[in-house]
Amino acid sequence: MGLNTSAEAPLPVGQVSRLIGGWIERLGQVWVEGQITQLSRRPGAGVVFLTLRDPSHDISVSVTCFRQVYDEVADVVSEGARVVLLAKPEWYAPRGQLSLRATEIRPVGIGELLARLERLKRSLAAEGLFALERKKPLPFLPQLVGLVVGRASAAERDVLENARRRWPAVRFEVRNVAVQGVHAVPQVVRAVKELDAMDEVDVIIVARGGGSVEDLLPFSDEEVVRAVAAARTPVVSAIGHEPDSPLLDLVADLRASTPTDAAKKVVPDVGEELERVRQLQGRGLRAVSSLLDREERGLAHALARPVFVHPQRMVELREDELDALLARSRRTLGHLLDRADSELAHTLARVVALSPAATLERGYAVLQRADGHVVRSPQEVSAREVLRARVAEGTFSVEVSSADAPDTTDTTDAPDATDAPQAPGSADAAEAEASQ
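Residues numbered from 1 in each chain as written. Predicted model: local features only at pLDDT ≥ 70, side-chain atom pairs only at ≥ 80, totals over all residues. Heavy atoms only, no water.

Here we come to the overall build of the protein chain. In terms of helices and strands, the protein chain carries 13 helices and 13 strands. Residues classed as buried in the protein chain amount to 31% of the 436 residues present. As displayed, the protein chain has an accessible area near 27,600 Å², and 54% of this comes from carbon and sulfur atoms. (Helix = DSSP H or I, 4+ residues; strand = E, 2+ residues; numbered from the N terminus. Buried < 20%, exposed > 50% of the residue type's maximum accessible area, 1.4 Å probe, protein only. Areas by Shrake-Rupley, 256 points an atom, 1.4 Å probe, with all protein chains shown as cover.)

Next up on the list: the pairing of strand 8 (residues 203–208). Most of strand 8 sits out of view: six of its six residues are buried. Both faces of strand 8 are covered, namely the face carrying Val203, Ile205 and Ala207 and the face carrying Ile204, Val206 and Arg208. The pairing of strand 6 (residues 144–149) with strand 8 spans four bridges and is classified as parallel. Across the sheet, Leu147 pairs through a bridge with Ile205, a residue of strand 8. When strand 8 meets strand 9 (residues 235–239), the two strands line up parallel, connected through five bridges. Paired with Arg208 across the strands is Ile239, a residue of strand 9. (Pairing = 2+ DSSP bridges.)

Its identity is not glycine, yet Ala152 carries a phi of approximately 50°, on the positive side. Here Ala152 lies in the loop between strand 6 and helix 4 (154–166). Ala152 gets classed as exposed once you look at its relative accessible area, which sits at 70%. With phi around 65°, Arg384 is a residue other than glycine that occupies positive phi space. With respect to the secondary-structure elements, Arg384 resides in the loop between strand 11 (366–368) and strand 12 (386–391).

Our next topic: helix 8 (residues 259–266). Within helix 8 the residues assigned to the buried category are Pro259, Asp261, Ala262, Ala263 and Val266. Buried positions along helix 8 lie against strand 6, helix 4, strand 8 and strand 9. (Contact = heavy atoms within 4.5 Å.)

For the pair helix 4 and helix 8, interaxial distance at closest approach is 8 Å and the crossing angle is 30°. Here helix 4 lies roughly parallel to helix 8, going by the angle between them. The way helix 4 lies across helix 8 gives a crossing that is right-handed. Facing Ala155, Asp158, Val159, Asn162, Ala163 and Arg166 of helix 4, the residues of helix 8 in contact are Pro259, Thr260, Ala263 and Lys264. (Axes fitted to C-alpha atoms, helices over the stretch in contact; angles between N-to-C directions. Parallel < 35°, antiparallel > 145°, perpendicular 65-115°, else oblique. Left-handed = near helix turned anticlockwise from the far one by under 90°.)

Attention now goes to the nonpolar core. With 31 residues, the main nonpolar core has Leu124, Val148, Ile204, Val206, Phe219, Leu248 and Val251 as its most contacted residues. Per-element tally for this core: the top contributor is helix 5 (residues 184–197), with six residues. Beyond its immediate sequence surroundings of up to four residues, Leu124 is in contact with Leu129, Phe130, Glu222, Val225, Arg226 and Leu247. By size, the runner-up hydrophobic cluster in this structure holds 20 residues, among which are Ala155, Val159, Ile205 and Ala256. (Core = buried A, V, L, I, M, F, W, Y, C linked by side-chain atoms within 4.5 Å.)

Below, the discussion takes up the sheet that holds strand 11. The three strands lie next to each other as 11-12-13, forming an open sheet whose pairing is antiparallel. Edge positions in the open sheet fall to strand 11 and strand 13 (394–399), since each of these has one partner strand only. Adjacent strand axes in the sheet meet at a mean angle of 30°, parallel and antiparallel pairs treated alike. Relative to strand 12, strand 11 is paired through three bridges, and the arrangement is antiparallel. Counted as the bridge partner of Gln368 is Arg388 from strand 12.

As structure tokens, this is what we get:
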């Protein structure tokens, strides 16, 4: 219905909003199809908030429903799901906001299959097949890459060309398989097992171009997922495009957004590696140069010390000390020798003074009987007994004239020969000289 309004008689905002609400309420319930892009389930709240988007147009509308309505399909409906819902349009006048109040929600088309995949995903996750600790690292430079891909497909061309462009020496072991349809699952499983059994294969890429959800279902099959999980060789999943996410992406050791991205992640870029080598060489050269400069400065500092500038000075100082010590040693030794010489001279003089020969030199004589005994008393000899007399210059024989009484001659200045020291063997020598 039309309204009579003008610039002079406008309608208030509230009235316009109420009028719009009245018109919308006349629409009644409608079935609406779209894709859930936002989902808000607040704990304890009785209402669930959704945003429903038209996949073909950039148009969205807000949807609300009671929790009981959403809980009936909560296991199979989440963000990104396409649904059909029965809803009644509502107009929130205070904010001028249009929304739909849903009373029934149904998955669209493949919903039941997606629900089964969701249950499979939860079961495999509970077994730990998607755990991060199971992921194997990719080799830095694989020598042989296994490729599971459709025959003469764009995915195969993208992987081979991009990999060889990055690293020309890389080699591939290709297994062409069906990537959709009833034969896809057994062929993919067989190809993965064959490549995993080859010891020379370092990494396996499973690649496919984009497609519908139905086309990508083989790569969410439980048999394929378990075959990849059991592989000893690292596996890269390159299925579809960025939005596509089959279960293979979750179990693979690395997920690539596209086949081209898989080639970039599997082999390094030769240009980048050469540049990295040059950078490392530069860093090494700078490090060595810095070390040499530091050591050179340290050596120059050490050579600037006096001990290195005049190394002979230390020898000269030690030479002076050595000369002083040598002179001191000579003086000390000379003093010791002089003292020893003096003591020796004194000892020699004493020995000479105390020797029997010196006594004989002073005029004493030694009398010996024929048997060699030295005469010490007049009573030891008899009259007319021949004795040997030894003096300083030799020996001679004497005869005793009388032995009756001892000689009373004063012998103060001429001590008895018996008091003089005797030299061993002198008796025989005196006897020999007397007989001459």
